[in-house]
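Topology and contacts: notes
Okay, here's what each chain looks like letter by letter:
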Amino acid sequence: NVTVNPIVVPNEYTVTLSLATGESIVGEKAMSIKYGATYTLPIPKNSNSSLKFVSWVVSGTGKEIPLKGVWNYDSSCTLVATWEEDEEGNWTDNY
């Protein structure tokens, strides 16, 4: 008898990070993530100081993706940065 142990290579997917503000795309960056691997997504900065980053969501589905975790999305995708108005009031006052 011969025992054959398969070598399983996890699929690797391209994840495109899209920095959108309003209706316009201001930049994109691609990264590769293997299925089942741990990952950390970056927290983007926005040149508009009145907006703060909320989350990454899968384009077309609105599914929110955590900043850290184990990648279990089984296809390449585009993640779009979502923003909200900064309620802490980023403003400058002169005294």
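Structure's up top.
So, a few notes on the structure that sits alongside this text. Quick caveat: nothing in here was measured; it's all calculated off a predicted structure.

A separate point is the pattern of salt bridges. Across all of its chains, the model carries 1 salt bridge by this definition. A salt bridge links Lys 52 to Glu 84; its shortest N-O distance comes to 3.7 Å. Highlighted residues: Lys 52 in strand 4 (residues 51-58) and Glu 84 in strand 7 (residues 77-85), separated in sequence by 32 residues. Taking relative accessible area as the criterion, Glu 84 reaches 36% and is therefore assigned partly exposed.

What follows is about the nonpolar core. Proteins that are soluble and globular tend to have nonpolar side chains buried together. Among the nonpolar cores identified, the biggest contains 17 residues, and Val 15, Leu 41, Trp 56, Ile 65, Trp 71, Cys 77 and Leu 79 are the most heavily contacted of them. Taken together, the elements giving at least two residues each to this core come down to strand 1 (12-21), strand 4 and strand 7. In this view, Val 15 contacts Lys 29, Ala 30, Met 31, Ile 33, Trp 71, Cys 77 and Leu 79; residues no more than four positions away in its chain are not counted.

Right, let's get into the packing of aromatic side chains. Enumeration over the complete set of coordinates arrives at 4 aromatic pairs. Here the aromatic rings of Phe 53 and Trp 83 are separated by 5.8 Å at their centres, their planes lie at 75°, and the arrangement is edge-to-face. One end of the pair, Phe 53, is in strand 4; the other, Trp 83, is in strand 7, with 30 residues separating them in the sequence. For the pair Phe 53 and Trp 83, a shared accessibility class is recorded, and that class is buried.

A separate point is the environment of Leu 51. One can find Leu 51 in strand 4. Contacts of Leu 51, omitting those with residues within four sequence positions, involve Asn 46, Trp 83, Glu 84, Glu 85 and Asp 86.

Thresholds, definitions, all that
Counting restarts for each chain: residues are numbered from 1 in the order of the written sequence. Per-residue local features of the predicted model are confined to residues with pLDDT of at least 70, and side-chain atom pairs are confined, for both listing and counting, to 80 or more; whole-chain, interface and lining totals are unaffected and use all residues. Water and hydrogen atoms play no part in the side-chain values, which are based on all heavy atoms of the structure. Each reported salt bridge corresponds to a side-chain nitrogen of Lys or Arg within 4 Å of a carboxyl oxygen of Asp or Glu. Secondary structure elements follow DSSP: runs of H or I no shorter than four residues count as helices, runs of E no shorter than two count as strands, and numbering proceeds from the N terminus. Partly exposed residues are those whose accessible area sits between 20% and 50% of the maximum for their type, while under 20% is buried and over 50% is exposed, using a 1.4 Å probe and protein chains only. Nonpolar cores were defined as sets of buried Ala, Val, Leu, Ile, Met, Phe, Trp, Tyr and Cys residues, with membership established by side-chain atoms within 4.5 Å. Pairs of residues are marked as contacts when any of their non-hydrogen atoms sit within 4.5 Å. Classification of ring pairs rests on two measures: the distance between centres of Phe, Tyr or Trp rings, Trp counted by its six-membered ring, which must be within 6.5 Å, and the angle between planes, read as stacked under 30 degrees, edge-to-face over 60 and tilted in between.

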